[in-house]
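A closer look at the structure
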Amino acid sequence: MSQDTSSTEAEREETDQLITTDPGRGGLSEQDNTSTVMTGDTIIQSRNLDVFYGETQALQSVDLDIPENQVTAMIGPSGCGKSTFLRCINRMNDLIDVARMDGELSFDGKNVYDDDVDPVTLRRRIGMVFQHPNPFPKSIYDNVAYGLRIQDRDVDMDSVVEESLKKAALWDEVKDRLNESALDLSGGQQQRLCIARAIAVDPDVLLMDEPASALDPIATSKIEDLIEELVEDYTVVIVTHNMQQAARISDKTAVFLTGGELVEFDDTGTIFENPESQRVEDYITGKFG
Amino acid sequence: MSNTTDLTGDRGFQDIRESMYTVVFFLCAAVSVITTAGIIVALILPTITFLGEVPMSEFFLGTQFSPAIQPTVFGVLPLAFGTLLITFGAAMVAIPIGTLTALYLSEYASESRRAVLKPLLEILAGVPTVVYGYFALVYVTPLLDAIPGLELGTFNALSASLVMGIMIIPMVSSISEDSMNAVPDSVRNAAYGLGATKYDVSVGVVVPSALSGIASSFILALSRAIGETMIVVVAAGQTARFPETTSGLLNSFFVSTQTMTSAMVQLGTSDLAGGTTAYRALFAIGLTLFVMTLVLNLVSDAIAARFREDYD
């Protein structure tokens, strides 16, 4: 993907000036939004993003700016569209026949739904970790090496595999059995392997779709520690059902409520302590959802 | 409640009814087991007599099979060679085409194409084998014979094995496709999420993940080919041959060949009297064939168990 830097800059400036939420819906103050954009350069930006699955609308006119090298959490009740948003970013929704989208979603200044964008190239820059650990039925080593191999990367495979497993905090547990099947690992280990597999190809962004929801508390806390370390090198966008988790690990939080509406997006501290919207407060305090 | 709730039922009648069900279901299950046992006994008894008349070394190691003309010779090797030759040819057709068909149906075809193709493949599986046999003899052999430089006999192993390969494509494709469909979408998504193309996902992830089912489909299809009779009787001829040289081996495809099954048909339908050695050879060949397919089916089970992926 070639980048036209000047247009990227222009778009970013435009972003600074625009009010990030639909003013008609009355969520954020303009003040908060300015600070949102200032804390890190926007790497992913959506404007008027609508998604439909057949007749059902999954996202409604979502405007969102995701900052670089920060953890952005998406929370909300089931069916609120937060995973749908995540799957738009790397166009995984393309794989669902009935999915249809409108509006704009840009990554690094480029609308990813433009005709000249190859989703394969896009996904090589935006890695994804799924809700349930989904290692390939191959060895631990081959799982981590898979992305590099399909991309024909000319790298020292052994050292990239080792480095990725170290970053995913799994190396010490598996270094003596790299040739054993990944399916023999525990659930938590499998999920860290999936993270290692995603970062081995050195993406810019890591999308995580409830990466700890299928794991026990100890494995969950390992994944959370890991996310805090990963954000030094990557932009992390994480969907979670667990509000404490969002509060612990994220810098920004986006709250989606029923009907695919983004109700509020702000610094995580603000969302959890002093949200603008009464609906968000009700949701966070457990009165709703 | 002061009164105890009445929970008694008509126990005696229920017990009788339940045990009747058990007996009926058991008898149904027993039919196939008893039949199999009966067939094995029916094969073994004449074979024992036969091996009393023909030395085991002549039967298993003899390279000539000539049951009708004196002096008779009963070497099973030429027949086993014919069977393996035609099975090999059929495998060369069915394994690649069947696997790629399965891959297309499972990964590439749209719902509407699948809805048309799958029933068509099932029709292919439902064509009577004698029809395939005449198709090979009447259409395929002349067609192949028209190729310059290819000298084909009227009866030949080549067209029989090509057509047999087509016949077993549906077996390979349907079992392989089932096992490809069993690969969870989460595994495909993992690969797509890493920037894999559809081809990367199909060939690099789905096929290895479904390998146990694919391998089983090959072996089951081969064991079907080994036992197949009508196609070879009609199209491959009745000349038992065992090649002594490499060029003879290559040439075997183009000439008349006898397989174990077609030899059994010949022995059973000729005017050989029952109770002769030649008649009993039929059972010895049948038992050998039975053991060959049994071993293949066991290998298939072992492969399926060994390479089955447990996704939980």
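Everything numeric here is computed off the predicted structure, so don't read it as measured data.

1. Re the interface of chain B and chain A
It is common to report an interface's size as the accessible area lost on association of the parts. Tallying the contact residues gives 20 residues for chain B and 22 residues for chain A. Overall, the association of chain B and chain A removes approximately 1600 Å² of surface from exposure, summing both partners, and the carbon and sulfur fraction of that is 64%. Scanning the region where chain B abuts chain A turns up zero salt bridges. Run the count over chain B and chain A and you get three residue pairs in polar contact (both at pLDDT 80 or more). Where the side of chain B that touches chain A is concerned, the elements lending two or more residues are α7 (185-193) and α8 (198-209) of chain B. A class-by-class count of the residues in the side of chain B that touches chain A yields ten nonpolar, seven polar and three charged.

2. Thoughts on unusual backbone geometry
Residue and element names in this part refer to chain A. With phi around 50°, Asn-48 is a residue other than glycine that occupies positive phi space. Tracing the sequence through the fold places Asn-48 in strand β1 (residues 42-53). Backbone geometry places Asn-69, a non-glycine residue, at a positive phi of 50°. Looking at the secondary structure, you find Asn-69 in the loop between β2 (56-67) and β3 (71-75). Residue Asn-69 is classed as partly exposed on the basis of its relative accessible area, which comes to 36%.

3. A short note on the packing of helix α12 (residues 260-269) of chain B against helix α13 (residues 277-307) of chain B
All names here are of chain B. One can describe the packing of α12 onto α13 by two numbers: an axis separation of 9 Å at closest approach and a directional angle of 155°. As summarised for this structure, α12 and α13 are arranged roughly antiparallel, according to the angle between their axes. Of the two possible hands of crossing, α12 and α13 adopt the one that is left-handed. Counting all contacts with α12, which are made through Met-260, Thr-261, Ala-263, Met-264, Leu-267 and Gly-268, the residues of α13 involved are Ala-278, Ala-281, Leu-282, Ile-285, Gly-286, Thr-288, Leu-289 and Met-292.

4. A few points about a negative patch on the surface
Residue and element names in this part refer to chain A. On the surface, Asp-202, Asp-225, Glu-228, Glu-229, Glu-232 and Asp-233 cluster together into a negatively charged patch. In this structure, Asp-202 sits in the loop between α8 (187-200) and β7 (205-209). For Asp-202, a relative accessible area of 52% corresponds to the exposed category.

5. Digging into the packing of aromatic side chains
Taken as a whole and assessed by the stated rule, the structure comprises ten aromatic pairs over all chains. Judged by centre distance (4.6 Å) and plane angle (55°), the ring pair of Phe136(A) and Tyr146(A) falls under tilted. Residue Phe136(A) is located in the loop between β6 (126-129) and α5 (140-150), and its partner Tyr146(A) is located in helix α5; the two are separated by ten residues in the primary sequence. Assigned by exposure class, Phe136(A) and Tyr146(A) land together as buried. Each ring, one from Tyr21(B) and one from Phe25(B), has its centre 6.2 Å from the other, and the planes form 10°; the classification is stacked. Residue Tyr21(B) and its partner Phe25(B) are both found in helix α1 (residues 11-53); the two are separated by four residues, about one turn of the helix.

6. Notes on the domain arrangement of chain B
Residue and element names in this part refer to chain B. Taken domain by domain, chain B holds domain 1 (13-53) and domain 2 (65-307). When each unit is reduced to the centre of its C-alpha atoms, the spacing between domain 1 and domain 2 is 30 Å. Domain 1 puts nine residues into the contact, and the matching count from domain 2 is nine residues. If you sort the residues of domain 1 by the area they bury against domain 2, Leu-43, Phe-50 and Glu-53 come out on top, with a joint share of 56%. Across the pair Arg-280 and Glu-53 runs a salt bridge, and its minimum N-O distance is 2.5 Å.

The rules behind each value
- Residues numbered from 1 in each chain as written.
- Chains lettered and ligands numbered in written order.
- Predicted model: local features only at pLDDT ≥ 70, side-chain atom pairs only at ≥ 80, totals over all residues.
- Heavy atoms only, no water.
- Contact = heavy atoms within 4.5 Å.
- Buried area = accessible area lost by both parts, 1.4 Å probe.
- Salt bridge = Lys/Arg side-chain N within 4 Å of Asp/Glu carboxyl O.
- Polar contact = N/O pair within 3.5 Å; in protein donor to acceptor, adjacent residues only side chain to side chain.
- Helix = DSSP H or I, 4+ residues; strand = E, 2+ residues; numbered from the N terminus.
- Nonpolar A, V, L, I, M, F, W, Y, C, P; charged D, E, K, R; others polar.
- Buried < 20%, exposed > 50% of the residue type's maximum accessible area, 1.4 Å probe, protein only.
- Axes fitted to C-alpha atoms, helices over the stretch in contact; angles between N-to-C directions.
- Parallel < 35°, antiparallel > 145°, perpendicular 65-115°, else oblique.
- Left-handed = near helix turned anticlockwise from the far one by under 90°.
- Patch = residues over 30% accessible without salt bridge, like charges linked within 9 Å, V, L, I, M, F, W, Y side chains within 5 Å.
- Areas by Shrake-Rupley, 256 points an atom, 1.4 Å probe, with all protein chains shown as cover.
- Lys, Arg positive; Asp, Glu negative; His and termini not counted.
- Charge placed at Lys NZ, Arg CZ, Asp CG, Glu CD.
- Phe/Tyr/Trp six-rings, centres within 6.5 Å; stacked < 30°, edge-to-face > 60°.
- Domains from an automatic or database assignment.

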